[in-house]
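The primary structure of each chain is shown beneath.
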Amino acid sequence: MTKHATSANQGGFVSLVGAGPGDPDLLTVKALRLIQKAEVVLYDRLVSEEIMELVNPQAERIYVGKRLNLHCVPQDQINQVLVNKARENKHVVRLKGGDPFMFGRGGEELEKLAAEAIPYEVVPGITAAAGCTAYAGIPLTHRDHAQSVHFITGHLKREGMEVDWSGFAKGNTTLVFYMGLKESPNIQAKLMDNGLDGDTPIAIIERGTTVNQRVLTGTLSTLSEIAMQAISPSLIVVGSVTSLHKQLSWLDN
Ligand code: SAH
């Protein structure tokens, strides 16, 4: 049962589905079942080709990928396509990298669906922070290293927001920055200005969980230099847990 089912939109339905960080084996059973029977799939740049190969071959595929400063399809247009396809009484799967509610604008899409009384469901996915660190042998928390974790967007400036950097610049916490490569000089400066030691270990996990995963390690004082060697998508992890990568890594990278 879904909250917004009405007679006006009979069979139309949207599943907002997290596709995980890349490795198709990290799809949930529910996500796999849904993409195999979807009639329409709207998908992002972060959804890997291997995952798209699992989609119902008869489904209409609509690419709505976005890149920083190069919006392929504006968000309101994506919202409208979801509504239109559902109004055609289609089962629409909106497939997003990682988890749809983690820096994925899933909430905005649902607001539109709710406003238009389109029924929907949400299927969580493994977010990059969980998937990439697991495949890199970096525990997000550890009794000897970190008692909390922050998930932070690197797009702070672009989104016209500031955060309380002093709250992040603490020793016993792990910081995970999404979309942080371009902003890495600012991240480095803000954390150090607020008192985080330049020797704090960091890791950059590039294309995590895929066969191309690469893990670059260093310290906070060299973060922006290391970031220049990385390509998108990459996750920046700051904190002493990253020093465990060499010891706990179970993949060759
Ligand atoms: N909803 C997604 C995040 C979307 S924001 C999730 O839950 O994972 C996009 C950012 O996620 C990228 O810029 C990168 O920082 C991170 N990301 C996503 N997939 C990644 C991967 N396979 N490897 C490294 N970083 C990844």
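Residues numbered from 1 in each chain as written. Predicted model: local features only at pLDDT ≥ 70, side-chain atom pairs only at ≥ 80, totals over all residues. Heavy atoms only, no water.

Quick notes on the pairing of strand E10 (residues 201-206)
The buried fraction of E10 is high, at 5 of 6 residues. The pairing of E10 with strand E11 (residues 214-219) spans 6 bridges and is antiparallel. Its bridge partner being in E11, Pro201 is matched across the sheet by Thr219. Pairing of E10 with strand E12 (residues 234-238) involves 5 bridges; the strand directions are antiparallel. Residue Ile205 lies in a different strand from E12, and its bridge partner there is Leu235. (Buried < 20%, exposed > 50% of the residue type's maximum accessible area, 1.4 Å probe, protein only. Helix = DSSP H or I, 4+ residues; strand = E, 2+ residues; numbered from the N terminus. Pairing = 2+ DSSP bridges.)

Description of the domain arrangement of the protein
Once the domains are mapped, the protein shows domain 1 (13-123) and domain 2 (128-248). At the junction of the two partners, domain 1 supplies 11 residues and domain 2 supplies 17 residues. Buried surface at the junction of domain 1 and domain 2, summed over both partners, amounts to about 1,100 Å²; 66% is from carbon and sulfur atoms. Taken together, the connections running from domain 1 to domain 2 amount to 0 salt bridges. (Domains from an automatic or database assignment. Contact = heavy atoms within 4.5 Å. Buried area = accessible area lost by both parts, 1.4 Å probe. Salt bridge = Lys/Arg side-chain N within 4 Å of Asp/Glu carboxyl O.)

Here we look at the packing of aromatic side chains
If you walk through the whole model with that rule in mind, you get 6 aromatic pairs. With centroids separated by 5.9 Å and ring planes inclined at 90°, the aromatic side chains of Trp165 and Phe168 adopt a geometry described as edge-to-face. Pair noted here: Trp165 and Phe168 are both in helix H6 (residues 165-168), with a separation of 3 residues, about one helical turn. The class of Trp165 is buried, set by a relative accessible area of 5%. Members of the aromatic cluster, each reached through a chain of ring pairs, are Phe103, Phe151 and Tyr178. (Phe/Tyr/Trp six-rings, centres within 6.5 Å; stacked < 30°, edge-to-face > 60°.)

Examining unusual backbone geometry
Negative phi is the rule for most residues except glycine; trans is the rule for most peptide bonds. With omega at 0°, the peptide bond leading from Ser232 into Pro233 counts as cis. Take Pro233: it is sitting in the loop between helix H8 (223-227) and E12. One non-glycine residue, Asn89, adopts positive backbone phi at about 65°. Considering the arrangement of structural elements, one finds Asn89 in the loop between helix H3 (75-87) and strand E6 (91-96).

Some words on the pattern of salt bridges
Pairs can form between side chains of opposite charge whenever their charged atoms are close. Per the counting criterion, the structure on display carries 12 salt bridges. Ionic pairing is found between Lys85 and Glu88, a salt bridge with its closest N-O pair at 3.9 Å. Residue classification places Glu88 among the partly exposed positions, given a relative accessible area of 42%. In this structure, Arg94 engages Glu109 in a salt bridge whose closest nitrogen and oxygen atoms are separated by 3.0 Å. Taken together, the residues span a long stretch of sequence, with Arg94 in strand E6 and Glu109 in helix H4 (residues 106-115) at a distance of 15 residues. Here Arg94 and Glu109 have matching classes, each one buried. Overlapping salt bridges, with partners in common, bring together Asp44, Arg94, Lys96 and Glu109 in one network.

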